[in-house]
Amino acid sequence: MDKFIYVIFSIVLVYIIIIIFSLLKILKKKSIKKVILFDVISFIILLGIMCICYYSYNIPTIKLRGDKIVKINVFDNYVDAGYDVINSSKNMKVTVENNVDSDKVGIYDVEYTIKHFNKEIKEVRKVQVVDEEKPTIKLLGETVITLGIDSKYNESGYTASDNYDGDITKKVKVTDNIKNEIGKYEVIYTVEDSSGNVFSTKRIINKINDNNGVIYLTFDDGPSSATSKILDILKENNVKATFFIVNYSKWYEDVVKRIVDEGHTIALHSYTHNYKLIYSSEEAYFDDLLKLKSKVKETTGIDANIIRFPGGSSNTVSKFNKGIMTKLVKKVKEEGFHYFDWNVDSKDAGGAKDSNDVYSNDMNNLNKNRNNVVLIHDLGHNIKTINALTSIIKDSKSKGYTFSKITYDTPMVVHGVNN
Ligand SMILES: [Zn+2]
């Protein structure tokens with residue numbers, strides 16, 4: 001406004017000079033009419049200049065209160081900070097156009113407009129509606145899981161949600177570094193929302209050695225005069241075992257029944273245990289096996305389906321019939337049998353001189369990281385085995401081993417086939 005006063009002052013001054021100049025002309029007896037015409041024209045021109053100056057110096061402006069760029073979180077209410085109109089002689093009407101949709105992420109303009117004569121004067125404020133909130137992932141099931149070394153981790157599920165995107169479970173990326181070794185592993189869940197906010201969480205998987213060493217005592221070649229004593233020891237120590245039996249006379253029917261009655265597994269070894277005969281052909285093998293199977297069925301009512309090849313599946317005594325074992329291991333499985341070899345040999349049918357040998361052959365070869373299938377023989381003259389059995393059971397238990405009998409669900413423990 002100060003400048004405007006100077007302009008008015010200058011114009012008035014110029015006009016006074018014109019008036020003085022006019023008066024001087026009148027004194028010099030110039031035509032009064034012409035002088036007045038000159039003055040009127042000068043007056044109109046100066047008035048025009050004055051109007052232009054008034055217009056130019058009096059343009060109103062809008063001054064925004066607060067920031068010109070405003071950031072708000074999505075779903076928050078947008079409250080405009082307001083404005084002031086500068087250079088306005090009167091209360092000017094300001095039109096505010098506010099298109100901010102605070103429910104939707106984006107950049108919006110708030111426009112403030114005033115009309116000055118025919119000219120629009122505008123000011124714009126930028127409003128950024130942003131989503132800076134991270135999504136969340138909710139893990140279903142335990143967040144710390146303990147598994148055995150060989151156990152497979154099964155994902156127990158998760159859900160992910162975002163304040164803006166809603167359910168984003170499908171966008172979750174899952175990675176893990178789980179190995180079949182003892183250790184601490186992580187399953188990492190990461191999700192990113194549509195605004196680029198990232199959230200990550202994890203589940204801990206502890207892989208431990210959960211196989212405390214199961215021992216499957218397996219007695220071959222019985223029943224015998226030793227079977228009752230073996231059953232007594234097993235009963236005293238509350239241990240269940242597996243008996244791979246051979247043909248038996250009627251005197252042994254009761255002991256075969258007792259094996260079953262006391263909760264042990266009755267399994268098939270061979271009717272004749274005659275290598276030359278049973279490995280002469282597939283047919284001969286199955287004749288022998290099925291003969292024993294029906295006998296056991298008759299005695300006990302049980303359909304025995306666990307078997308052990310005489311000499312084991314790795315035997316070389318069958319070499320006289322090339323490839324017979326390769327055929328038999330395939331065929332017995334096709335016929336619905338599970339065959340078991342052993343991974344601990346007590347050598348009580350040869351090699352072990354006394355009960356100490358039997359004991360150490362067993363104890364030294366037990367391994368807590370596996371199922372231990374122990375080969376022992378149920379033979380009448382096998383005193384060293386009977387003498388070692390109680391110590392083997394008691395000492396194994398005190399070392400944390402547990403005993404079990406072989407069932408159809410027991411993972412097969414087999415040798416490599418050599419013929
Ligand atoms: Zn045998």
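Rules behind the numbers
Residues numbered from 1 in each chain as written. Predicted model: local features only at pLDDT ≥ 70, side-chain atom pairs only at ≥ 80, totals over all residues. Heavy atoms only, no water. Helix = DSSP H or I, 4+ residues; strand = E, 2+ residues; numbered from the N terminus. Rg over C-alpha atoms; globule rule 2.2 N^0.38 Å. Buried < 20%, exposed > 50% of the residue type's maximum accessible area, 1.4 Å probe, protein only. Contact = heavy atoms within 4.5 Å. Pairing = 2+ DSSP bridges. Donors = N, O, S within 2.8 Å, 3.2 Å for Na, K, Ca; no water. Salt bridge = Lys/Arg side-chain N within 4 Å of Asp/Glu carboxyl O. Domains from an automatic or database assignment. Expected span 1.5 Å × (residues − 1). Bend = angle between axes of the 7 residues up to and from the residue. Axes fitted to C-alpha atoms, helices over the stretch in contact; angles between N-to-C directions. Parallel < 35°, antiparallel > 145°, perpendicular 65-115°, else oblique. Left-handed = near helix turned anticlockwise from the far one by under 90°. Nonpolar A, V, L, I, M, F, W, Y, C, P; charged D, E, K, R; others polar. Core = buried A, V, L, I, M, F, W, Y, C linked by side-chain atoms within 4.5 Å. Phe/Tyr/Trp six-rings, centres within 6.5 Å; stacked < 30°, edge-to-face > 60°. Lys NZ or Arg CZ within 6 Å of the ring centre and 35° of its normal.

Engineer: When you look at the overall build of the protein in this model, what are you seeing that I'm missing?
Structural biologist: Looking only at helices and strands, one finds nine helices and 21 strands in the protein. Radius of gyration (C-alpha) of the protein: 52 Å, far over the 22 Å computed for a compact globule of 419 residues. Projected onto the principal axes, the alpha-carbon positions of the protein cover approximately 170 × 45 × 35 Å. Here the protein, with 419 residues, has 40% of them falling under the buried criterion. Contacts in the protein between residues at least 24 apart in sequence constitute 67% of all its contacts with a sequence separation of at least 6.

Engineer: Please clarify how the sheet that holds strand S10 (residues 166–167) should be interpreted in this entry.
Structural biologist: Backbone hydrogen bonds hold the strands of a sheet together, and the pairing may be parallel or antiparallel. With antiparallel pairing, the three strands of this open sheet are ordered in space as S7-S9-S10. Edge positions in the open sheet fall to strand S7 (136–139) and S10, since each of these has one partner strand only. Of the pairings in the sheet, the one linking strand S9 (residues 158–162) to S10 comprises two bridges and is antiparallel in character. From the neighbouring strand, Asp162 faces S10, where its bridge partner is Gly166.

Engineer: Would you take a moment to explain the coordination of the zinc ion for this structure?
Structural biologist: The expected angle between donors at a tetrahedral four-coordinate metal is 109.5 degrees. At an octahedral six-coordinate metal it is 90 or 180 degrees. Binding of the zinc ion to the protein goes through Asp221 (OD), His269 (NE2) and His273 (NE2), at separations of 2.1 to 2.2 Å. Spacing between the donor residues of the zinc ion along their common chain follows D-x47-H-x3-H. Given a relative accessible area of 2%, His269 falls into the buried group. Residue His273 is classed as partly exposed on the basis of its relative accessible area of 24%.

Engineer: Hey, could you run me through the pattern of salt bridges in this one?
Structural biologist: Pairing is possible between side chains that carry opposite charge, provided their charged atoms lie close to one another. Considering all chains together, one arrives at 16 salt bridges under this definition. The salt bridge involving Asp109 is made with Lys126; its shortest N-O contact spans 2.9 Å. Here Asp109 is found in strand S5 (residues 106–116), whereas its partner Lys126 is found in strand S6 (residues 119–130), with 17 residues between them in sequence. For Lys126, a relative accessible area of 36% corresponds to the partly exposed category. The partner of Arg203 in a salt bridge is Glu155, and the shortest N-O contact between them spans 3.0 Å. In this pair, Arg203 is assigned in strand S13 (residues 198–208) and Glu155 in the loop between strand S8 (144–148) and S9, connecting sequence segments 48 residues apart.

Engineer: Explain the domain arrangement of the protein to me, please; I cannot follow it from the model alone.
Structural biologist: Interfaces are often described in size by the accessible area the parts lose on coming together. The domains assigned to the protein are domain 1 (2–57), domain 2 (61–130), domain 3 (136–208) and domain 4 (214–403). Taking only C-alpha atoms, the centre of domain 2 and the centre of domain 3 are 46 Å apart.

Engineer: Just checking my understanding: could you explain the side chain of His377 for this structure?
Structural biologist: If you trace the backbone, His377 turns up in strand S20 (residues 371–377). Ignoring any residue separated from it by four or fewer positions in sequence, one finds His377 in contact with Asp220, Asp221, Asp348, Ala349, Asn382 and Thr385.

Engineer: Explain helix H9 (residues 383–398) to me, please; I cannot follow it from the model alone.
Structural biologist: At 3.6 residues per turn, the α-helix brings residues three or four places apart onto the same side. Helix length check: H9 (16 residues) gives 24 Å between terminal C-alpha atoms against 22 Å at 1.5 Å per residue, within 8%. The largest bend along H9 measures about 30° and falls at Leu389. All buried positions along H9 are accounted for by Thr385, Ile386, Ala388, Leu389, Ile392, Ile393 and Ser396. For H9, the secondary structure elements touched by its buried residues are strand S14 (214–222), helix H3 (227–236), helix H8 (355–363), S20 and strand S21 (402–403). At the exit of H9 stands Gly400, carrying a positive phi of roughly 100°.

Engineer: Mind showing me how you'd approach the packing of H3 against helix H4 (residues 253–261) here?
Structural biologist: To characterise two packed helices, one gives the angle between the axes of the helices and the distance between these axes. Here H3 crosses H4 at 20°, and the two axes come no closer than 10 Å. The pairing of H3 with H4 is recorded here as roughly parallel in orientation. The handedness of the crossing between H3 and H4 is left-handed. Counted together, Thr227, Ser228, Leu231, Asp232 and Lys235 of H3 and Val255, Arg258 and Ile259 of H4 form the full contact between these two elements. Class assignment of the residues belonging to the contact of H3 with H4 gives a composition of three nonpolar, two polar and three charged.

Engineer: How should the nonpolar core be read in this particular structure?
Structural biologist: Taken as a class, soluble globular proteins show a tendency for nonpolar side chains to be buried jointly. Grouped together as the largest cluster of nonpolar side chains are 49 residues, with contacts concentrated most on Leu217, Phe219, Leu234, Phe243, Tyr285 and Phe309. The contact partners of Leu234, leaving out residues within four places of it in the chain, are Leu217, Phe219, Val239, Ala241, Phe243, His264 and Ile393. Counting residues in hydrophobic clusters, the runner-up holds 15 residues, among them Ile62, Ile72, Val74 and Val110.

Engineer: I'm lost on the sheet that holds S6 in this one. Help?
Structural biologist: Reading across the sheet, the four strands line up as S2-S6-S5-S4 and stay open at both edges, with mixed pairing between neighbours. Edge positions in the sheet fall to strand S2 (69–73) and strand S4 (95–98), since each of these pairs with one other strand and no more. Direction aside, the axes of adjacent strands within the sheet are offset by 20° on average.

Engineer: Is there a simple way to think about the packing of aromatic side chains in this case?
Structural biologist: Two descriptors summarise a pair of aromatic rings, namely the distance from one centre to the other and the angle between the planes of the rings. Applying the stated criterion across every chain yields a total of nine aromatic pairs. A ring pair is formed by Tyr285 and Phe309, whose centres lie 5.3 Å apart and whose planes are at 40°; its orientation type is tilted. Residue Tyr285 is located in helix H6 (residues 282–300), and its partner Phe309 is located in the loop between strand S17 (306–307) and helix H7 (324–334); the two are separated by 24 residues in the primary sequence. Phe309 matches Tyr285 in its accessibility class, with the two residues each being buried. Ring pairs connect the aromatic residues Tyr275, Tyr279, Tyr285, Phe286, Phe309 and Tyr339, which therefore count as one cluster. Directly above the aromatic system of Phe320 lies the positively charged group of Lys276, at a separation of 4.1 Å from the ring centroid. The ring of Tyr401 has Lys368 sitting right over it, with the charged end atom 5.3 Å from the ring centre.

Engineer: What's the story with unusual backbone geometry in this structure? I'm lost.
Structural biologist: Apart from glycine, the bulk of residues carry a negative phi angle, and the bulk of peptide bonds sit in the trans form. Omega for the peptide link from Gly222 to Pro223 comes to -5°, which places this bond in the cis form. With respect to the helices and strands, the residue Pro223 is situated in the loop between S14 and H3. Its identity is not glycine, yet Phe75 carries a phi of approximately 75°, on the positive side. Secondary-structure assignment places Phe75 in the loop between S2 and strand S3 (83–86). Judged by its relative accessible area of 44%, Phe75 falls in the partly exposed class. Located in the positive-phi region is Asn238, a residue other than glycine, with phi close to 50°. With respect to the helices and strands, the residue Asn238 is situated in the loop between H3 and strand S15 (242–246). A residue is classified by how much of its surface remains accessible, and Asn238, at 62% relative accessible area, is exposed.

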